[in-house]
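The chain contents come next:
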Amino acid sequence: MDKAKMLMRAKLGLWERVQKDDRVIMWNSGKGVQMQGSSRRNFLAGAGMTAAVCAVRPLFGFAAASGSPFKVSVISDEISQDFDHACSVASKEFGLGWVELRGMWKKSLHELSDAELAQVESILAKYSLRVTDMASPVFKTDWPGAPKRHPDKGQDFGSNETFKQQSELLDKYIELAKRFKTNKVRCFDFWRLDDIAKYRAAINAKLSEAATTCGKRGTLLVLENEFECNTATGREAAATLAAVPSPYFGLNWDPGNAVMRGELDAFPAGWNLLPKKRILHCHVKSAMKDASGKIVWAPVGKGYVDWTAQFKALKQIGYHNAVSLETHWRGGGTPEESSRESFAGMKKALIAAGAW
């Protein structure tokens, strides 16, 4: 790796093993820059590179996320469908101790065989990773009797199951939550309808029923405000939470999704309306307007979501649950490179907020 590339990765806080002439120069062990052999002396002798390290050190600190008040995480398949590789990046490169499970090997988690689930467990143990929650697609389907609304299937991560199969799907994810030692199952509230008013009460009743099912089995149901579903913004999330007061029902706050639905002031205006004790999970991504004025995904650090301020606000309310990168943006060329760049922005915001 040449010096220019090394410096760029240093600025992003993304160090990795570098070898030259059979000598290890540096790598990120999750505890800081490590050096071995004569390369250490040679490296430090380079004044320019030494200055670069000193410049980066105060910004990133080369510390793992273990000092954060949050469970800093990433949805594994935002990096790669190769679960082992995704976990390697999350653990060794990003320095994380947590991942969020949604899919791997081009399958949703609930589609895996028992042998494949055992492999997931083995890989998690290999990298000393724990699971924040089940990122399930429960209720990401059409509401019965309402006009069908199928969004673009390119990146909706939806459920292939019908409405009638949702109870069985929820049961599967409750059992998966127990298997992976978490107590949170993510859900949605059905594909977005132009006229939700006449269906809203019935949808709320379904959410309440599902939350009761979760509660009886020691699990929490966590609704994500999703831009393609009926609860998309901070304002809508506040209304849904008020209508479903179950102690087993909370929110997966996603200000990026709210921006995508047009709530450009998701933070702080949408955030300010939310009942803070019911925020049980947080997805980290961003969105912005392109040259044509269309709202599109953006890397964390750009766009309408001020993640430094949002992380500070989460700290202020005593939040200790997950902040989980859900990249979505693909401007880096590949999911992995896009997630790498977006994580760099996330990490910088966490450090600026005193949460890394």
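Located above this text is the structure these notes cover.
> I keep staring at unusual backbone geometry and nothing clicks. Help me out?
F267 connects to P268 through a cis peptide bond whose omega is 15°. Relative to the assigned elements, P268 resides in helix α10 (residues 266-272). Although it is not a glycine, S128 sits at a positive phi angle of roughly 55°. With respect to the helices and strands, S128 occurs in the loop between α5 (114-126) and β8 (130-138). The exposure class assigned to S128 is exposed, which follows from its relative accessible area of 59%. We note that H328 has phi near 65°; this positive angle belongs to a residue other than glycine. Examined against the element boundaries, H328 turns out to sit in the loop between β15 (322-325) and α12 (335-352).

> How should the packing of helix α11 (residues 307-316) against α12 be read in this particular structure?
Between α11 and α12, the shortest axis-to-axis distance is 8 Å and the interhelical angle comes to 50°. Here α11 lies oblique to α12, going by the angle between them. Crossing of α11 over α12 shows right-handed handedness. Each of W307, T308, F311 and K312 in α11 lies in contact with α12, whose residues at this interface are M346, A349, L350 and A352. Partitioned by chemical class, the residues of the contact of α11 with α12 number 6 nonpolar, 1 polar and 1 charged.

The rules behind these values
Each chain carries its own residue numbering, running from 1 in the written order of its sequence. Only residues with pLDDT of at least 70 are given local features in this predicted model, and only at 80 or more are side-chain atom pairs given and counted; all residues enter the totals for whole chains, interfaces and linings. Side-chain metrics rest on all non-hydrogen atoms present in the structure, leaving aside hydrogens and water. Put simply, DSSP marks the helices as runs of H or I at least four residues long and the strands as runs of E at least two long, and each gets a number from the N terminus on. Burial here depends on accessible area, computed with a 1.4 Å probe over protein chains only, as a share of the maximum for the residue type. Under 20% is buried, over 50% is exposed, and the range in between is partly exposed. Helix axes are fitted only over the stretch in contact, all axes being lines through C-alpha atoms; the angle between N-to-C directions runs from 0 to 180 degrees. Orientation labels follow simple angle bins: below 35 degrees gives roughly parallel, above 145 gives roughly antiparallel, 65 to 115 gives roughly perpendicular, and whatever is left gives oblique. Crossing chirality is assigned from the near helix's rotation relative to the far helix, an anticlockwise turn below a right angle marking it left-handed and a clockwise turn marking it right-handed. In this analysis, two residues are considered to be in contact whenever any of their non-hydrogen atoms come within 4.5 Å of each other. Amino acids outside the nonpolar list (Ala, Val, Leu, Ile, Met, Phe, Trp, Tyr, Cys, Pro) and the charged list (Asp, Glu, Lys, Arg) are all regarded as polar, and Gly is one of them.

Everything listed is a geometric property; what it means functionally is a separate question.
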